[in-house]
Number of protein chains: 2
Amino acid sequence: MSSHVDAKDLPTELSPSPADDQPAETSDETTPTEKGYRQPEIDVVALTGVLDGKYAEVRALVRDNLVAHAAILEDAETMTREDFRDRVRDVVVEMAGTGQTGMGFPAEYGGGADIGASVAAFETLAMGDLSVLVKVGVQFGLFGGAILQLGTKPHHDAYLEDLITGRLMGCFAMTETGHGSNVQALGTVATYDAATQEFVITTSDDSARKDYIGNAARHAASAVVFAQLDIEGEGRGVHAFVVPIRVDGEPAPGVRIEDCGIKLGLGGVDNGRLWFDGVRVPRGSLLNRFADVTPEGRYESSIDNPNRRFFTMLGTLVQGRVCVGGAGINASKVALAIAIKYAVRRRQFEATDPPMEDLLLDYGMHQRRLFPLLARTYALHFAQEVVASQLHDVLSGTTTEEHARRELESRAAGTKALGTWHATRTIQECREACGGAGYLSINRFAALKADTDVFTTFEGDNHVLLQLVAKGLLTDYSSDFSDLDQFGMVRFVAGLAVGTVLEKTAVHKLVERIKDVLPGGDTWDQEAGLFDPDYQLAMLRFREEHMLGGVARRLKRGIDNNMNPGEVFSLVQDHVIAAARAHVERLVLEAFVAKVGTLDDNDNKVALNLLCDLFALTTIEADRAWFMEHGRLTTQRSKAISREINRLCRKVRPLAVDLVDAFGVPEEMLRSPELMSWGSGSAVE
Amino acid sequence: MSSHVDAKDLPTELSPSPADDQPAETSDETTPTEKGYRQPEIDVVALTGVLDGKYAEVRALVRDNLVAHAAILEDAETMTREDFRDRVRDVVVEMAGTGQTGMGFPAEYGGGADIGASVAAFETLAMGDLSVLVKVGVQFGLFGGAILQLGTKPHHDAYLEDLITGRLMGCFAMTETGHGSNVQALGTVATYDAATQEFVITTSDDSARKDYIGNAARHAASAVVFAQLDIEGEGRGVHAFVVPIRVDGEPAPGVRIEDCGIKLGLGGVDNGRLWFDGVRVPRGSLLNRFADVTPEGRYESSIDNPNRRFFTMLGTLVQGRVCVGGAGINASKVALAIAIKYAVRRRQFEATDPPMEDLLLDYGMHQRRLFPLLARTYALHFAQEVVASQLHDVLSGTTTEEHARRELESRAAGTKALGTWHATRTIQECREACGGAGYLSINRFAALKADTDVFTTFEGDNHVLLQLVAKGLLTDYSSDFSDLDQFGMVRFVAGLAVGTVLEKTAVHKLVERIKDVLPGGDTWDQEAGLFDPDYQLAMLRFREEHMLGGVARRLKRGIDNNMNPGEVFSLVQDHVIAAARAHVERLVLEAFVAKVGTLDDNDNKVALNLLCDLFALTTIEADRAWFMEHGRLTTQRSKAISREINRLCRKVRPLAVDLVDAFGVPEEMLRSPELMSWGSGSAVE
């Protein structure tokens, strides 16, 4: 591989001459390490191994399945909507036959008994058609997951084997038109009738119709329905029931089903609306792991506090969030692979030496557009590995601690938010980086954009999820955590001293240690090297703690000033979201740094270190105003960071194709026949 | 109209307590003007009048036409591709019959003889189906515009009347697969054959096929083809020819036509590819306004310099860019209208006082997401009004100065880039702000997202356009401007003293004047009020000049260090783009401030001033790191700006619905029956 810009003698960055800027800058002009820099040669297969991790075999199976069904990418464009929905269902069932989609279920029902494997399989599936992915998520993650996690043995015996094979198709009827993220306020009611020992499910009004329910419009025979349990006039909160919604393909008596109509993307998923008009289901339909109703109508639960019970049930959503976050990250890989491979084939305007256009990827701006996204994709990949592993431990019972479960929920919410926003941003940037060609459906971006778009708002709206993260941090995932709505959280935090809030956060101790690991004492931020991971981590940890403290102080002050919690929350909301984001970014960097630390010293490690630096420094750069405002970045150092990022981009340039090849996106999933081959005769790679 | 947050007693911003931050901040806690603030009442009709400006009648005609053909929004989702393409063609022809699409053509051919009116009509059309918009742009703007601007009377006589009515459908065959933004390197050849007095048009190789050509795949009978003129072996550069591509609906002999296939959006536009295999057209087919070939084969041109001739011809693209920028801005209005109207109907979680969910728009974060975009939409609208008016003057011959034409080209390029990126960003944010409902096609975002996506890269890739802007600034739109490619520009700038470059820029004199209009001399940036438009303008002007100077210094230094221009350009490219963006943002703010200055003192003016402040301060805030790095913003003042923005958002809150109503988007164009009506019974507005 060669290129116009040879990393061996990288030109110095073209800063304005010192006469015009602060003289201090000149000392930063040349980084001494530059001299000894040797361009690493990436071992692509080995790097794919690092990325695939312990589930390499699972991912290989999914890649094979993706290739076997590659034609579906074109079918998505050419088939009628109904035909394509059936086609997607068929592919899902065929994939189920290979064991790919059942890995998270117990072995006795035909599953793979490995939660981590099921997440790895799902993530990898995101490299292909995303209707297939979402249909898999609905059937096995949401519907199957609810039966598994909220149900007990009779439910498992009754449903799991059939749903794992796809013989029983189901849906997850939680969201209502009038209640998106506010599940606790659902309007559907399940009234217990002791005389017949049945629950009577009713849609109370039109705002309580179930909406956007995947699999409902066409294929599902059964639904897990979330409804307010009512026993003799007493409300017991939201519970889940298994309700047959179709009999022989027709809506069951009392069930009305409507198609949600055409959507922005995911045309192969049959989203529908459901209304229940006094639908009767036997007492055993209640998924009764956490609460039950006796035949005579007595309510029993192992969890006394209703709020906590509710949040425990809702905790089953955690797997879906982990999966969607991973899907966003993997869809980003497809977009980056296409855009970067295109950019080493496409020439733009005339070149410097020979009378030939320069390769797009040799342009500084093009590198600046794509490489930070590439680095962040790697970072999020490794962060996702951590959260998937924690999910595995919690759901497999390896970790039973309540605190760990809450931390997992928070981490899953945060990674989902950052991973899916990253997908939206990355796919858009890559589309634009391919110009008009990026607009043709054959080049994949059309489907990637349209299908991933909903990721940012489903399985929990990203902003709502980040509020959940902040709530966890501010209350130390306390046992009261689950009982607190956001206004309860305002009151709770306002009742504590700010110092008390901070001391309980995980980041607090990490910040305390800054002085031990970095030179400079109070001036650690000016004396440490920019490429020192301890410095980079210290910056993100400082930001997180300071932002959390700011939120706590603002909440306290609002309450002290006799404002009501709603007003206070609204005024502080942007700080709450920012603090949560800072927390998650800190976790992401920690995951990346930790991962690189486990690797043997070789060229792949050198390359990953470049990406890790690029991720860390672009993350600091993106919020450099905040760091300056809070006294942790001088203007000189801020400018130095921007320069170093440009320099890092030039180092990544010759490695870029290998770095996207290592994602292991099957060629068939890239499509883009012309983008991939265009001008390859004359290109230098 | 009422709301939970009453602007009359806006709560003070909840800053962290002074003990933890710089004490200086406390003085900013309460803005004195707050006390006297009276919430304005917007006269929506009058505000629409301000926005519609002198072309109110034209816009009213287009709105009527949009409503008359409103069914096409649904047809876009339900018809087959071929049927929908024909449907779009039919609507375009029907609209043409009302005079709507021919306003830019001379009256003697049935046109309206008013360029400004044609731009206003096009912009307004962007509130509806965008396939119709783009088809109109191709037929009347690109094809018709080329005949009008590059042709002479015989061409006008032969084609204009038929193309204005839509009887003759045409396409604009410039872009080639291998050459997107680099028109000068096109591969299609037109060889003059003196024996027959014909041009022979040939696609030299597959990279020279014409690509993405709107109207080509199905409807166009004729094409304006851009090709390298070759006379007896001598290349004369790119010229345009009228070439029949279909005869009785079938491809003309020697012409091969292929469909580009399914695209991300704009399904109603028949984009195609064209190959020419020795296609012969008579000598008169050359659009010969700027250059001609005599029967015996002598080349004649009123413009000696070939480069300059080329760029003069390319200058005809300016109208298309003005139109696309305006379309992006108007599509943004549709998205904002839906998202804001939804947010005053949708409740989220439990409310503060009554046991009812708060309205989405009462959330601080939601305001922060939408209102700066609303303010920027207003700002861009007024900036667009300026560029459209300049276009009118230049194309109507009111302004003949060469310098003015070049300034127009630069301004058109810059406004197009910012307006279309704004559309992408705004539509995405509004989609997410409507949650899952935003994903349903009936709620408009699907089409808005998919159809506008290509705006950022067609009619000139936005990054390439910003480079054009920077080139103009750095060379003072000199007469040599058009002769310079980007590397020529590098050499040119490097050959001048930095001071010389800056002195010639328009912004230079404006910066010089800062001290005259603001208090504080060298510390103007610390002593002026944040809401003083002179302060806001001074900040953006300072940034622009400083960035331009930085680019000039960097270019100079690179050349002085014996780097080749390509390398230098690549290293400086991100600064080039940043400087251009700073320039365009300055123009946008100037346009907004100037517009507000022309209005009578009334509540509408008060409201627009709020938006203007919001635009100015969010623009500064977005680049506050740069201002701090360059000594023009203290950390205290930077934080104060963020607080004032939050406060402005709360003032805009009760006005928000009126502000989007004033856009005058016909109700039928919003669709979204449920988003618009949902819960209206219980909502307070």
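Here the structure is a predicted model, which means the values were calculated and not measured. (Residues numbered from 1 in each chain as written. Chains lettered and ligands numbered in written order. Predicted model: local features only at pLDDT ≥ 70, side-chain atom pairs only at ≥ 80, totals over all residues. Heavy atoms only, no water.)

Caption draft 1: Just the overall build of chain A, in detail. When helices and strands are counted, chain A shows 26 helices and 14 strands. Relative to its length of 685 residues, chain A is compact, with a C-alpha radius of gyration of 26 Å against a globular reference of 26 Å. Dimensions of chain A, computed from the C-alpha atoms along their principal axes, are close to 90 × 65 × 40 Å. Burial status across chain A gives 66% buried among its 685 residues. Long-range pairs, those at least 24 residues apart, make up 74% of the contacts in chain A between residues at least 6 apart in sequence. Counting only carbon and sulfur atoms, one obtains 50% of the accessible surface of chain A, whose full area is about 22600 Å². Positive and negative side-chain charges in chain A, numbering 70 and 98 respectively, have mean positions lying 2 Å apart. (Helix = DSSP H or I, 4+ residues; strand = E, 2+ residues; numbered from the N terminus. Rg over C-alpha atoms; globule rule 2.2 N^0.38 Å. Buried < 20%, exposed > 50% of the residue type's maximum accessible area, 1.4 Å probe, protein only. Contact = heavy atoms within 4.5 Å. Areas by Shrake-Rupley, 256 points an atom, 1.4 Å probe, with all protein chains shown as cover. Lys, Arg positive; Asp, Glu negative; His and termini not counted. Charge placed at Lys NZ, Arg CZ, Asp CG, Glu CD.)

Caption draft 2: Region of the structure containing the packing of aromatic side chains. Inspection of every chain in the model, using the stated rule, returns 24 aromatic pairs over all chains. Relative to A:Phe311, the ring of A:Phe310 lies with its centre 5.1 Å away and its plane at 75 degrees, an arrangement referred to as edge-to-face. Per residue, the accessibility class of A:Phe310 equals that of A:Phe311, and both read buried. Through successive ring pairs, a cluster of aromatic residues spans A:Tyr378, A:Phe382, A:Phe592 and A:Phe663. Sitting over the face of the ring of B:Tyr37, B:Lys651 holds its NZ or CZ atom 4.2 Å from the ring centroid. (Phe/Tyr/Trp six-rings, centres within 6.5 Å; stacked < 30°, edge-to-face > 60°. Lys NZ or Arg CZ within 6 Å of the ring centre and 35° of its normal.)

Caption draft 3: Focus on the packing of helix α14 (residues 486-494) of chain B against helix α20 (residues 565-597) of chain B. Residue and element names in this part refer to chain B. Running from N to C, α14 and α20 cross one another at 90 degrees; their axes reach a closest spacing of 9 Å. Comparing their axes, α20 and α14 come out roughly perpendicular. Taking contact as the criterion, the partners of Gln486, Phe487, Met489, Val490 and Arg491 in α14 are, on α20, Pro565, Gly566, Val568 and Phe569. (Axes fitted to C-alpha atoms, helices over the stretch in contact; angles between N-to-C directions. Parallel < 35°, antiparallel > 145°, perpendicular 65-115°, else oblique.)

Caption draft 4: Inspection of empty space enclosed by the protein at higher detail. All names here are of chain A. Applying the stated criterion across every chain yields a total of 13 cavities of 30 Å³ or more. Looking at the second largest cavity, its volume works out to about 230 Å³. Lining the second largest cavity are 18 residues, with Thr101, Ser118, Phe140, Gly141 and Gln319 positioned closest to its centre. Listing elements by their share of the lining of the second largest cavity, those giving two or more residues are α5 (115-125), α6 (130-150) and α9 (318-343). Looking at the lining of the second largest cavity element by element, the count peaks at seven residues for α6. (1 Å grid on protein atoms, 1.4 Å probe; cavity = no way out; pocket = protein on both sides within 12 Å on 5 of 7 lines; lining within 4 Å. Points joined across faces, edges and corners; volume = space filled by probe spheres on them.)

Caption draft 5: Fine view of the environment of A:Asn288. Residue and element names in this part refer to chain A. Along the polypeptide, asparagine 288 turns up in the loop between β10 (272-282) and β11 (291-293). Sequence separation between asparagine 288 and glycine 151 is 137 residues, and the spatial gap between their C-alpha atoms is 5.5 Å. With near-sequence residues (within four places) excluded, asparagine 288 lies in contact with Leu150, Gly151, Thr152 and His155.

Caption draft 6: Representation of the confidence of the model for chain A. Residues and elements named next belong to chain A. Of all residues in chain A, 91% attain a pLDDT of 70 or more, and the chain-wide mean is 90. Here residues 1-12 is modelled with pLDDT under 50, and outside its nearest four sequence neighbours on either side it reaches 24 contacts, counting other chains as well. Taken together, the chains of this predicted complex give a pTM of 0.93 and an interface ipTM of 0.92. (pLDDT = per-residue confidence, 0-100.)

Caption draft 7: Representation of unusual backbone geometry. Residue and element names in this part refer to chain A. Unusually for a residue other than glycine, serine 672 sits at a positive phi of about 45 degrees. When you line up the elements, serine 672 lands in the loop between α25 (667-670) and α26 (673-677). Taking relative accessible area as the criterion, serine 672 reaches 0% and is therefore assigned buried.

Caption draft 8: Examining the pairing of β10(A) more closely. Residues and elements named next belong to chain A. Looking at chain direction, strand β3 (residues 198-202) and β10 are connected through five bridges and run antiparallel. Pairing of isoleucine 201 across the sheet is with valine 279, part of β10. Strand direction decides the pairing type here: strand β4 (residues 210-213) and β10, joined by two bridges, are antiparallel. Within β10, the position partnered with lysine 210 by the bridge is leucine 274. Pairing between strand β9 (residues 255-259) and β10: five bridges, direction antiparallel. (Pairing = 2+ DSSP bridges.)

Caption draft 9: Region of interest: helix α14 (residues 486-494) of chain A. Counting buried residues in α14(A) gives seven out of nine residues, a clear majority hidden from the surface. The complete set of buried residues in α14(A) reads A:Gln486, A:Phe487, A:Gly488, A:Met489, A:Val490, A:Val493 and A:Ala494.

Caption draft 10: Focus on the sheet that holds strand β4 (residues 210-213) of chain B. Residues and elements named next belong to chain B. Strand order across the open sheet formed by three strands is β4-β10-β9, with antiparallel pairing between neighbours. Edge positions in the sheet fall to β4 and β9 (255-259), since each of these pairs with one other strand and no more. Each strand axis lies, on average, 20 degrees off the axis of its neighbour in the sheet, ignoring direction.

Caption draft 11: Expanded view of the pairing of strand β1 (residues 170-173) of chain B. Residue and element names in this part refer to chain B. Because side chains alternate across β1, one face comprises the buried residues Gly170 and Phe172, and the other comprises Cys171 and Ala173, equally buried. Relative to strand β5 (residues 222-231), β1 runs parallel, the two being bridged by four bridges. Within the sheet, the bridge partner assigned to alanine 173 lies in β5 and is valine 225.

Caption draft 12: Structural context of the state of the cysteines. Evaluated as defined, the whole model comprises zero disulfides over all chains. A disulfide-free cysteine, A:Cys171 has its sulfur positioned 11 Å from the sulfur of A:Cys260, the nearest such atom. Taking the relative accessible area as the measure of exposure, A:Cys171 reaches 0% and is therefore buried. Distance from the sulfur of B:Cys434, which forms no disulfide, to the nearest cysteine sulfur (B:Cys430) is 7.0 Å. (Disulfide = S-S within 2.5 Å.)

Caption draft 13: View of the side chain of B:Arg87. Turning to its location among the elements, B:Arg87 is positioned in helix α4 (residues 81-97). In terms of polar contacts, B:Arg87 uses its side chain to reach the side chain of B:Asp75, at 2.6 Å. (Polar contact = N/O pair within 3.5 Å; in protein donor to acceptor, adjacent residues only side chain to side chain.)

Caption draft 14: Up close: the nonpolar core. Counting residues in hydrophobic clusters, the biggest one holds 406 residues, and the most contacted among them are A:Leu374, A:Tyr378, B:Leu374 and B:Tyr378. Not counting residues up to four positions away in its chain, the partners in contact with B:Tyr378 are B:Leu47, B:Leu51, B:Phe592, B:Leu608, B:Leu611, B:Leu659, B:Ala662 and B:Phe663. In this structure, B:Ala173, B:Val225, B:Phe241 and B:Leu274 belong to the second largest nonpolar core, which totals 28 residues. (Core = buried A, V, L, I, M, F, W, Y, C linked by side-chain atoms within 4.5 Å.)

Caption draft 15: Structural context of the side chain of A:Ser332. Along the chain, A:Ser332 falls in helix α9. A distance of 2.8 Å separates a polar side-chain atom of A:Ser332 from the backbone oxygen of A:Gly328.

Caption draft 16: The arrangement of the pattern of salt bridges in detail. Scanning the entire structure with this criterion turns up 86 salt bridges over all chains. B:Asp603 is paired through a salt bridge with B:Arg38; the nearest N and O atoms lie 2.8 Å apart. In this pair, B:Asp603 sits in helix α21 (residues 603-622) while B:Arg38 sits in the segment before α1 (44-52), placing the two residues 565 residues apart along the sequence. Notably, a salt bridge pairs B:Glu544 with B:Arg586, separated by 2.7 Å at the nearest N-O pair. With a gap of 42 residues between them, B:Glu544 in helix α19 (residues 533-560) and B:Arg586 in helix α20 connect regions that are remote in the sequence. In terms of burial, B:Glu544 and B:Arg586 fall into one category: buried. Each of A:Arg81, A:Glu82, A:Arg85, A:Asp86, A:Arg218 and A:Asp259 takes part in a single network of salt bridges with overlapping partners. (Salt bridge = Lys/Arg side-chain N within 4 Å of Asp/Glu carboxyl O.)

Caption draft 17: Main features of helix α12 (residues 445-452) of chain B. With seven of eight residues buried, α12(B) lies mostly within the body of the structure. For α12(B), the full list of buried residues reads B:Phe445, B:Ala446, B:Leu448, B:Lys449, B:Ala450, B:Asp451 and B:Thr452. Where α12(B) is buried, its residues contact α12 (445-452) of chain A together with α6 (130-150), α9 (318-343) and α11 (402-433) of chain B.

Caption draft 18: View of the environment of B:Cys434. Residues and elements named next belong to chain B. The residue cysteine 434 is located in the loop between α11 and α12 in this model. A relative accessible area of 1% means that cysteine 434 is categorised as buried. Here the alpha-carbon distance between cysteine 434 and leucine 675, two residues 241 residues apart in the chain, equals 8.4 Å. If we skip the residues at most four places from it in the chain, cysteine 434 touches Ala339, Tyr342, Phe445 and Leu675.

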